[in-house]
Amino acid sequence: MPDWEGLRARVDGVVRLPGEEGYQERSSAFNRRYAGVAPAGVLSVSGVADVARGVAWARAEGMPVVARGGGHGYSGQGTAAGGLVLDLQGLDTIRVDRERELVTVGGGVRSGELYAELQRHDLAVPLGNSDQVGIGGLTLGGGVAAVSRAFGLTCDSLVETELVLADGSLVRCNETEHPDLFWACKGGGGGNFGVNTSFTFQARPTVPSSTCLLLWPLADAPVVLTVMQRIMAAAPDEFAARIGVNRTGADGGSVSVIGQHLGPASELRELLAPVLAAAAPERTVVEDMGYWEAKDFLHHETSGDPFAVRTRTVTEPIGPAAIDTVLTALQKWPGSGNPDGAGVALFTWGGAINRVPVTETAFPHRDVLFLVSMDTSWSPDDPAELRQANLDWLTDLHTAMGEHARDASYLNFADPDLPPARALAAYHGPNLARLQEVKRRYDPDRVFTHPQAV
Ligand SMILES: Cc1cc2nc3c(=O)[nH]c(=O)nc-3n(C[C@H](O)[C@H](O)[C@H](O)COP(=O)(O)OP(=O)(O)OC[C@H]3O[C@@H](n4cnc5c(N)ncnc54)[C@H](O)[C@@H]3O)c2cc1C
């Protein structure tokens, strides 16, 4: 029987066990695919010292220990069956050094909290499109935002981070102190090397923007995907777009383009002109927006009902055969009760992301034009066979796309259905060996681990 009273006596934060108020909220995964995962207990830390105490206690008990930032990991990595969850929400400080444009945040801050503080100072850090995502998971796995083609990844803005290591010590890492560990924290993944208790980012001035939202019926997909990819392959770094095809249980499907341009709407309309001429959208919104309005416009939150995502990458537009593979699969989608449905999205990467040499940070995807993201979702009320049919459908699509796209995968869109060795190669590519060396040095007993850990 674990010594919970011993832990309670040792920490300043709150320990919650199954059935106790707040246990579920502070320890569960956002993706309800993992609703059945039951940690032994959760420690809501009140400061850095609690992190070290929690890690030491779990080690003494022989219990797995997992840090939970925003809980938004796709594969439920922020919780652990039978383990101790370190709920980092209490590490919530945000400090802005206006003069040097440096922002230091606690390891449990969520993107929305940081966005709000950055907005007060009108400073930009690329943070992605969900307010609920934790800065920990986002940064450690890379972090892609609509502005990343101009400003780089979230981890590319990181200048310093502090971690509690497996032995309880607190280390500061940057270009000169523990540089290998710092390198690993730039895209090598959360839950591997320690618990990051703070992150310092180099911010920059914001830029006025414009945004677009274009919608077509699914029948227009071949022409829209072809022309839109061509536009993005030649687009300036200031423009990024998500090109998606999607079906839900309630409709026949649609094609969408949603994007942000760090420039006026007049320029954006010019960039989009070939696709607007190729097929008239059912809905066209192209508007000037302030940087913060654009961020709100792109904000994306889902219900958290169960979902699965698998990814690949391409360095060039996908051709007619790949588009046919996607559209044939969409026709075969088994359906579900989740209004998010299923689809394929091409996220435009490149630009500033690709100007960083592949071995300079742990994030390895530095030559990608599109992240190919394939997803499906279902409802907790759907029968088990339909859930399985959705997962099989996604696996078949992922396999079929192997003909057209690389066996590479974005760590922040974690894919639990990849076997561990294949996942490690797909997530980390040529940087895996160095990550494994850093792991051996900083966590030799593998205190921080999960099925796809380094
Ligand atoms: C609705 C939604 C929108 C999203 N939008 C984007 C987007 O625009 N761009 C993008 O790149 N990604 C996006 N993601 C993916 C997201 O970046 C990843 O899922 C990320 O891992 C979530 O981090 P978290 O802290 O919320 O999750 P958690 O599940 O809490 O953590 C994920 C992993 O990181 C570890 N971890 C978390 N915090 C720390 C820490 N401080 N120290 C050490 N380890 C830590 C955990 O142990 C776990 O292994 C989105 C996800 C969702 C669900």
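Residues numbered from 1 in each chain as written. Predicted model: local features only at pLDDT ≥ 70, side-chain atom pairs only at ≥ 80, totals over all residues.

**Some words on the sheet that holds strand 16 (residues 307-314)**
Quick note on the threshold: One requirement defines pairing of two strands: DSSP has to find at least two bridges between them. A run of H or I in DSSP counts as a helix once it spans at least four residues, and a run of E counts as a strand once it spans at least two, with each numbered from the N terminus. Comment: axis = line fitted to C-alpha atoms, over the contacting stretch for helices; angle = value between 0 and 180 degrees taken between N-to-C directions. Think of it this way: build a C-beta for each residue from its backbone, and any pair within 7 Å is a contact.
Pairing is antiparallel in the open sheet, where seven strands are placed in the order 15-12-14-13-17-18-16. Edge positions in the open sheet fall to strand 15 (283-289) and strand 16, since each of these has one partner strand only. Ignoring strand direction, the axes of neighbouring strands in this sheet form an average angle of 15 degrees. Inspection of the sheet shows strand 13 (residues 239-247) paired to strand 14 (residues 254-261) by eight bridges, in the antiparallel sense. Its bridge partner lying in strand 14, Arg 242 is registered against Ile 258. Packing of helix 9 (residues 265-278) onto the sheet brings it into contact with strand 12 (209-217), strand 13, strand 14 and strand 15, and relative to strand 15 it is tilted by some 145 degrees. Sitting on the sheet, helix 12 (residues 384-400) touches strand 16 and strand 18 (370-377), and the angle it makes with strand 18 is about 160 degrees.

**A few points about the site of the ligand**
Going by this rule: All residues are tested the same way: a C-beta atom is placed from the backbone, and lying within 6 Å of a molecule or strand makes the residue near it. As a working rule, the residues Ala, Val, Leu, Ile, Met, Phe, Trp, Tyr, Cys and Pro are called nonpolar, Asp, Glu, Lys and Arg charged, and the rest polar, with Gly in that last group.
The ligand sits among 35 residues. The nearest are Gly 78, Gly 134, Gly 136, Gly 137 and Gly 190. In terms of residues, the shell around the ligand owes the most to one element, helix 5 (residues 135-140), which gives four residues. Across the shell around the ligand, the residue classes tally to 11 nonpolar, 22 polar and two charged.

**Brief notes about helix 4 (residues 111-121)**
Rules: Here a residue counts as buried when 20 or more other C-beta atoms fall within 10 Å of its C-beta, as exposed when 12 or fewer do, and as partly exposed in between; the C-beta atoms come from the backbone. Arc definition: it is the arc formed by the directions from the helix axis to the C-beta atoms.
Taken together, the buried positions of helix 4 are occupied by Ser 111, Leu 114 and Leu 118. Within helix 4, the buried residues cover an arc of 65 degrees as seen down the axis, which keeps them to one side. Here the buried face of helix 4 lies against strand 5 (94-97), strand 6 (102-106), strand 7 (123-124) and helix 5.

**Thoughts on the sheet that holds strand 1 (residues 14-16)**
Here we have four strands laid out as an open sheet, ordered 1-2-4-3, and mixed in their pairing. In the strand order of this sheet, the two ends are held by strand 1 and strand 3 (65-68), each with one partner. When the angles between neighbouring strand axes are averaged without regard to direction, this sheet yields 20 degrees. Strand direction decides the pairing type here: strand 2 (residues 41-44) and strand 4 (residues 84-87), joined by four bridges, are parallel. The residue of strand 4 that forms the bridge with Ser 44 is Asp 87. With respect to the sheet, helix 3 (residues 48-61) is in contact with strand 2, strand 3 and strand 4, its orientation differing from that of strand 4 by roughly 175 degrees.

**As for the domain arrangement of the protein chain**
Threshold: Throughout the structure description, domain borders are defined by an automatic or database domain assignment.
We note that the domain assignment places domain 1 (7-90), domain 2 (94-205) and domain 3 (209-423) within the protein chain. Between domain 2 and domain 3, the C-alpha centre-to-centre distance is 25 Å. Listed by partner, the interface residues are 28 residues for domain 2 and 26 residues for domain 3. The biggest single contributor to the side of domain 2 that touches domain 3 is helix 6 (residues 148-151), with four residues.

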